[in-house]
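# Observations on the model geometry
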Amino acid sequence: MDMPPVGLLIVLSLALLCCLPHPASPTKLAHNDSGVPYLRSTLVEEALKRALERTNAAYAHTKERVKTSLSEGALRPSDLLAQFKQIGPQTRRHISAAELLDNTVELIREMVYTSTMAQSSLSDLLSEEDMQVLLQATGCSSEMQRPLCKTGCLSERYRSFTGNCNNRQHPKWGAANTPYSRWLPPEYEDVRGVPRGWDPEHTYYNYTLPPVRLVSQDVLYTHNENISLDSSLSHLLVEWGQWIDHDFALTPQSPSTAAFRTGADCTRTCSRDTPCFPIQIPLSDPRTGIQSCLPSFPSPQIPLSDPRTGIQSCLPSFPSPQIPLSDPRTGIQSCLPSFPSPQIPLSDPRTGIQSCLPSFPSPQIPLSDPRTGIQSCLPSFPSLQIPLSDPRTGIQSCMPFFRSAPSCVGSEAFTGATPHHHREQLNAITSFVDASMVYGSSSPMAAALRNLSSPLGLLALNDQASDQGLAYMPYLPRLQGRLDPCGPRSGSGANFTGATSASDTSATAPTEQENITSCFQAGDSRANEHLGMIALHTLFLREHNRLVRELHLLNPHWSPDTLYQEARKIMGAVHQILTWEHYLPRVLGETPTSLLMPPYKGYDPEIDPSIANVFSAAAFRFAHVTVQPMVARLGPGYSLAPQHPPLPLHHSLFASWRVVQEGGIDPVLRGLLLSPAKLQMPGQMMVEELTERLFQAQGGMPLDLGALNLQRGRDHGLPGYSSWRGLCGLSVPNTTSDLAGILGNSGLAEKFLLLYGTSQNIDVWVGAISEPPLPGGRVGPLLACLLAKQFRALRDGDRFWWEREAVFTSTQRAQLHTVSLSRIICDNTHITRVPSDPFSRTVSPEDMLACSHPLIPHLNLSAWKEPDTDPSCGPIPRLQSGFSLLCDSVIYYQCGPGYQLIGPSSVTCDPNSYQWSPAPPTCHDVDECADQPTPCPQNMDCLNTPGSYMCTDLDLSSLSAVSVVSAVIAVVGGVAIMFVILACCRRYFPKKPEPIIRTDKQNR
């Protein structure tokens, strides 16, 4: 049951009454090994109750805010960010339990530390019994429970949707709703798991961390026009990286947008209070609007009071605009030093302000640093009372950012030999490359995506729109009164592209009155993020349905479930092959790939395939610096078309309506095939479309992807750049020259050390993407190490890896080896010319190949035809009106709809008698009309038919006049025909005269 978090927590609160001791009878004090008494159970109970109240209140506040916001049509960028990280019921349950556990632990610490002020370990405060009660009462025990693994042939043939039981010894490895793995211990700001940089004054290796927005502006920011193009790789390679990322990693943020401790709305405050972890915007940032009035000035000689600085309008309103800043009536005399002369510039040492406005003697001291002395008169304050935008100045002080949701942890984290209760983040989907973004990572989601009425195992399609006869994904439903997050909106550039001809699509996007959205439903909630992602989701939806149709022709005795699972299995193998054999060699380089990814040697059950925290939160985000600022859309022949011209990237975000109204997915795919990737270079890192316009929406402040990536790494407690180079056996820079040698750029090295003070503090993501690429690749040594380590674990730790013996036959593997993304595009779109290698750059449309070219081979599925005989037991017994599947030497049977299986559900080939044993079952028609009540309405009769039934209406009063007349004519006509037949019989077959029998009287 899909229970909302608030309702779930109410249930958990009732569970507390059963799990906890009665407050009137506290348990006897126990002592730990150090002799310190454990907390009373009544204190644990009190903490749990207060945590429930906090968590319930925060969830309720969030629900009400979102409801109000969407009903008013106010869709903030942070709302859009949350929109594409929607989670299923099981993930919500897990997060609710984990946040309740975290809030309880935090309250226990508050209760103890207010009196003792000593940071004791929880294992010193809580007995093992109390910890078990705590885990059970919050629900974490059940979330971490070991799953039961099925046995038998089918469990070896098909992987589970959740990823459970892929590894028999460690059934949670790689499964959905489990914590990310750690290759290095986290480095949080404290034992509670507070993010790095939470306290701006906290030092790491004797230096404070710079604001992430400052790093983004100084290191990453690149004008859209100031980019270099990749001469070797297409933009489809960039898109594939994000596509495959959505197959193995989804980090949900906290469902609450309100602070648990204070109830503050994270979308309206710059305070740091879990889950609020806002990104502070330095006053020197262009977004503040104060760039012209604080350094840099048009000329350093212009004093602060000069009208040309424009500062009169961005610091508190003055009694008169003519009053200079030095006038006592301005009220600013107390917070900026009195200048000996208005001609003295801000940089003059006599002002005494050199240390708090750029340039700083140390770049680690931002304007908000208490040491500047300016904290009291300019925003942003680490205070609950200061909003995102100060109404007095209009200056935007921060971007909303929400911490990743915590994961439940087992009792060993508290009570083990080395207790290490630190915050871990949750991966909501399977770690395996299994095409879960197409099928989902849970059984309910998988069922919701299927067309269960289809006899072919098809995925559900959109019944309101099509792409010139080809399918779209279904639309998502729209809640009453809610805004359509994927529909046209003000500022989306809806008028930018002009009209679309009616021939382009068979339908338009939903209107506001409909109960659906323009958002598509897929196996991953991020499907609607941008046009390229929608195109790939649509492409593989069609490919699944193409596969099941071909498999049905080869094996008409396969059930819909078998057809679905076999197509899903092929799709998983296709994604593994395209990623490991086509994508990775171009990212890592051919030589590094062969060194870091040796040939496959078989499944290793000792390898944990779970996605690592550093991989998800940092390493695999490398491709963000290769994204083009424009989305190319091309017409037939790969030419520009006025119906769908190129779009600025921010106009393609959450713009699913454009696919339906502006030409379908073909123009987007053509653009990805012909457009080159952006080349990552120092000074050309991340385009302003991503740093200044991410998820831009009306009335909201755009986000900054670079700052988000950096803040996410700090939220997850990722150690600094040097630690990861040490893990990979790479040299660790100790000086500026060391770092300059690694980066191949002395200017960039100096900039990093001015910002961070030491290479130990450099955020791993920005440090890794700054390394020059290895020969033939697009990433440097550190990224190559981290990527290869993860992809090798995903391959060797997957029991269903496509190359493993018994997963596919040798003939099937040989066919799978021929798959290409170009062939899939040919088979599922109207595109007729494609490149032989879609990940390599194609310079000219003339270099494209026809889909019939031998270099674009078809996947021959004949290897999937099931044999009709068994080598030992002979012909496979089939079912009339039923389905069968041969798995090893076992035949599994299933009847079609309307039929009941009579007999065993499986038979086995007996190696001694060479006979199928037991006797095969049969399928008997189910008489639905025998049920009471019958499936038909009361005024209708039920007529049983093979595999189904019919409802017949015998009530003439309910028939239309035409029906009545037709029935009368039929009856009269039938009677007339009978009379004609009788007349003919009398004429041609006259009745024989009866013999005359004379009586005795007549004889006389």
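Every value quoted in this text rests on a predicted model; they were computed, and no experiment measured them. (Residues numbered from 1 in each chain as written. Predicted model: local features only at pLDDT ≥ 70, side-chain atom pairs only at ≥ 80, totals over all residues. Heavy atoms only, no water.)

## Things to note about the overall build of the protein chain
Our working rule: Note on conventions: DSSP H or I runs of at least 4 residues are helices, E runs of at least 2 residues are strands, and numbering of each starts at the N terminus. For every residue, the accessible area obtained with a 1.4 Å probe (protein chains only) is divided by the maximum for its type, and the residue is called buried under 20%, exposed over 50%, and partly exposed between those limits. The contact rule is simple, with two residues in contact once any of their heavy atoms fall within 4.5 Å. Note on areas: Shrake-Rupley with a 1.4 Å probe; residue coverage comes only from the protein chains shown.
Broken down by element type, the protein chain carries 30 helices and 28 strands. With 1004 residues in all, the protein chain has 55% of them scored as buried. Within the protein chain, counting contacts between residues at least 6 apart in sequence, those at least 24 apart form 71% of the total. Element-wise, carbon and sulfur atoms account for 56% of the exposed surface of the protein chain, whose accessible area totals about 43,600 Å².

## Some remarks on the environment of Pro 592
Looking at the element boundaries, Pro 592 is found in helix α16 (residues 590-596). Sequence separation of Pro 592 and Pro 781 is 189 residues, and the distance between their C-alpha atoms is 9.1 Å. For Pro 592, the contacting residues outside a window of four places in its chain are Met 597, Leu 774 and Pro 775.

## What to know about the environment of Leu 739
Mapped onto the elements, Leu 739 comes out in helix α23 (residues 736-743). Put simply, Leu 739 and Thr 758 are 19 residues apart on the chain and 9.8 Å apart in space, counted from C-alpha to C-alpha. Those residues in contact with Leu 739, other than ones at most four positions away along the chain, are Tyr 721, Pro 733, Ala 749, Phe 752, Leu 753 and Ile 762.

## Some details on the sheet that holds strand β24 (residues 906-909)
Across a sheet, strands are paired by hydrogen bonds formed along the backbone, either parallel or antiparallel in direction. Basically, it comes down to this: Here, any two strands with at least 2 DSSP bridges between them count as paired.
Taking strand neighbours across the sheet as the criterion, the four strands line up as β21-β22-β24-β25 in an open arrangement whose pairing is antiparallel. Since the sheet does not close on itself, it has two edges, and those belong to β21 (882-887) and β25 (916-917), each with one partner.

## Brief notes about the packing of helix α10 (residues 235-248) against helix α14 (residues 531-554)
Rules: For helices, the axis comes from a line fit to the C-alpha atoms of the stretch in contact; other axes are also lines fit to C-alpha atoms, and the angle between any two N-to-C directions lies between 0 and 180 degrees. Left-handed describes a crossing whose near helix is turned anticlockwise from the far helix through less than a right angle; right-handed describes the clockwise counterpart. Side-chain classes are defined by residue name, with Ala, Val, Leu, Ile, Met, Phe, Trp, Tyr, Cys and Pro counting as nonpolar, Asp, Glu, Lys and Arg as charged, and the others, Gly among them, as polar.
Two numbers describe how α10 lies on α14: the axes approach to 10 Å, and their chain directions differ by 65°. Handedness of the α10/α14 crossing: right-handed. For the pair α10 and α14, contact is made by Glu 239, Trp 240, Gln 242, Trp 243 and His 246 and by Gly 532, Met 533, Leu 536, His 537 and Phe 540, respectively. The residue makeup of the contact of α10 with α14, split by class, is five nonpolar, four polar and one charged.

## Things to note about the packing of aromatic side chains
To be explicit about the condition: Here a Phe, Tyr or Trp ring, Trp counted by its six-membered ring, pairs with any other such ring whose centre lies within 6.5 Å, and the pair is stacked when the planes are under 30 degrees apart, edge-to-face when over 60, and tilted otherwise. Both a distance and an angle decide whether a charge sits over a ring: NZ of Lys or CZ of Arg must be within 6 Å of the ring centre and within 35 degrees of the ring normal.
In this structure the tally under the stated criterion is 24 aromatic pairs. Centroid distance Tyr 600 to Trp 801: 6.2 Å. Interplanar angle 45°. Geometry classified as tilted. Of this pair, Tyr 600 sits in the loop between α16 and α17 (613-617) while Trp 801 sits in the loop between α26 (781-796) and α27 (810-816); the two residues are 201 residues apart in sequence, bridging distant segments of the chain. One aromatic cluster is present, built from ring pairs that chain together Phe 248, Trp 580, Tyr 600, Phe 615, Phe 620, Phe 622, Phe 791 and Trp 801. Here the basic side chain of Lys 569 rests over the ring of Phe 808, its NZ or CZ set 5.0 Å away from the ring centre. One cation-aromatic arrangement involves Lys 789 over Trp 183; the distance from NZ or CZ to the ring centre is 5.0 Å.

## Some words on the pairing of β24
Residue alternation in β24 divides its side chains into a buried set, Val 907 and Cys 909, and an unburied set, Ser 906 and Thr 908. Here strand β22 (residues 890-895) pairs with β24 via three bridges, running antiparallel. Bridging across to β24, Tyr 892 finds its partner in Ser 906. Looking at chain direction, β24 and β25 are connected through two bridges and run antiparallel. Counted as the bridge partner of Thr 908 is Ser 917 from β25. Hairpin connection between β24 and β25: a loop of six residues separates the two successive antiparallel strands, and Tyr 914 in this loop has a positive phi of roughly 55°.

## Overview of the nonpolar core
Short version of the rule: The criterion is simple. A nonpolar core is a set of buried Ala, Val, Leu, Ile, Met, Phe, Trp, Tyr and Cys residues joined through side-chain atoms within 4.5 Å.
Counting 164 residues, the largest nonpolar core has Phe 248, Phe 622, Val 766, Leu 787 and Phe 791 as the members making the most contacts within it. Examining the composition of this core, we find that 14 residues originate from one element, helix α15 (residues 560-588), more than from any other. Excluding residues that lie within four positions of it along the chain, Phe 622 makes contacts with Tyr 583, Val 587, Trp 765, Ile 769, Val 779, Leu 783 and Leu 787. If you look at the next biggest cluster of nonpolar residues, it comprises 23 residues, including Val 44, Ala 98, Leu 100 and Leu 135.

## Section: helix α24 (residues 746-756)
As a reminder, the rule being used: Regarding the arc, it is the one traced by the directions from the helix axis to the C-beta atoms. Within 3.5 Å is the distance limit for a polar contact, defined as a pair of N or O atoms, with the added protein rule that one can donate a hydrogen and the other accept it, and that residues adjacent in sequence qualify only through two side-chain atoms.
Buried within α24 we find Leu 748, Ala 749, Phe 752, Leu 753, Leu 755 and Tyr 756. The arc enclosing the buried residues of α24, seen along the axis, measures out at 160°, which places them on a common side. Of the surrounding secondary structure, the elements contacted by the buried residues of α24 are β3 (207-208), α9 (212-220), α21 (705-715), α23 and α25 (764-769). Its side-chain oxygen at 3.1 Å from the backbone nitrogen of Gly 747, Asn 745 defines the N-terminal cap of α24. Directly beyond the C-terminal end of α24, a positive phi value near 85° is found at Gly 757.

## Looking at the pairing of strand β12 (residues 516-520)
Counted residue by residue, β12 has five buried out of five residues, so it is predominantly covered. Of the strand pairs in this sheet, strand β11 (residues 475-477) and β12 are connected by two bridges, and their pairing is antiparallel. What sits directly across from Pro 477, in β12, is Ile 516.

## Some words on the pattern of salt bridges
Just so we agree on the cut-off: Salt bridges, as used here, are contacts in which a Lys or Arg side-chain nitrogen is within 4 Å of a carboxyl oxygen on Asp or Glu.
Counted by the stated rule, this structure contains 37 salt bridges. Glu 143 is the partner of Arg 93 in a salt bridge, and the nearest nitrogen-oxygen pair spans 3.9 Å. You can see Arg 93 sitting in helix α4 (residues 89-116) and its partner Glu 143 sitting in helix α7 (residues 140-143), a full 50 residues away along the chain. Its salt-bridge partner being Arg 878, residue Glu 866 comes within 3.2 Å of it at the nearest N-O pair. Here Glu 866, found in the loop between β18 (849-850) and β19 (869-870), pairs with Arg 878, found in the loop between β20 (874-875) and β21; they are twelve residues apart in sequence, far enough to count as distant. Residue classification places Glu 866 among the buried positions, given a relative accessible area of 5%. Salt bridges here are not isolated pairs; linked through shared partners, they connect Glu 543, Arg 546, Glu 550, Arg 823 and Asp 827.

## Quick word on the packing of α14 against helix α28 (residues 821-828)
We apply this condition: Any angle from 65 to 115 degrees is called roughly perpendicular, while one under 35 is roughly parallel, one over 145 is roughly antiparallel, and all others are oblique.
Running from N to C, α14 and α28 point in directions that differ by 80°, and their axes come no closer than 9 Å. It follows that α14 is roughly perpendicular to α28 by the angle criterion. Only Leu 821, Ile 824, Ile 825, Asp 827 and Asn 828 of α28 make contact with α14, whose side of the interface consists of Leu 539, Phe 540, Arg 542, Glu 543 and Arg 546.

## Observations concerning the confidence of the model for the protein chain
Selection rule: Every residue carries a pLDDT, the predictor's confidence in it, which falls somewhere between 0 and 100.
The predicted model of the protein chain has a mean per-residue pLDDT of 81, with 74% of residues at 70 or higher. Confidence over residues 8-38 falls short of pLDDT 50; this stretch has 53 contacts with residues more than four positions distant or in other chains. Within the model, the stretch residues 291-386 combines pLDDT values under 50 with 139 contacts to residues more than four positions away or in other chains.

## Looking at the state of the cysteines
What counts, and what does not: Count a disulfide wherever a pair of cysteine sulfur atoms falls within 2.5 Å.
A complete count under the given rule lists twelve disulfides for this structure. The disulfide partner of Cys 140 is Cys 408, and the gap between their sulfur atoms is 2.1 Å. Across the S-S bond of Cys 140 and Cys 408 the torsion is about -75°, and the bridge reads as left-handed. Taken as a pair, Cys 140 in helix α7 and Cys 408 in the loop between β7 (398-399) and α11 (412-415) lie far apart in primary sequence, 268 residues in all. Here Cys 140 and Cys 408 have matching classes, each one buried. Here Cys 728 connects covalently by a disulfide to Cys 785, the sulfurs 2.0 Å from one another. Taking the torsion about the S-S bond as the criterion, the Cys 728 to Cys 785 disulfide, at about -85°, is left-handed. On the criterion of sequence distance, the pair formed by Cys 728 in the loop between α22 (721-727) and α23 and Cys 785 in helix α26 is long-range, its members being 57 residues apart.

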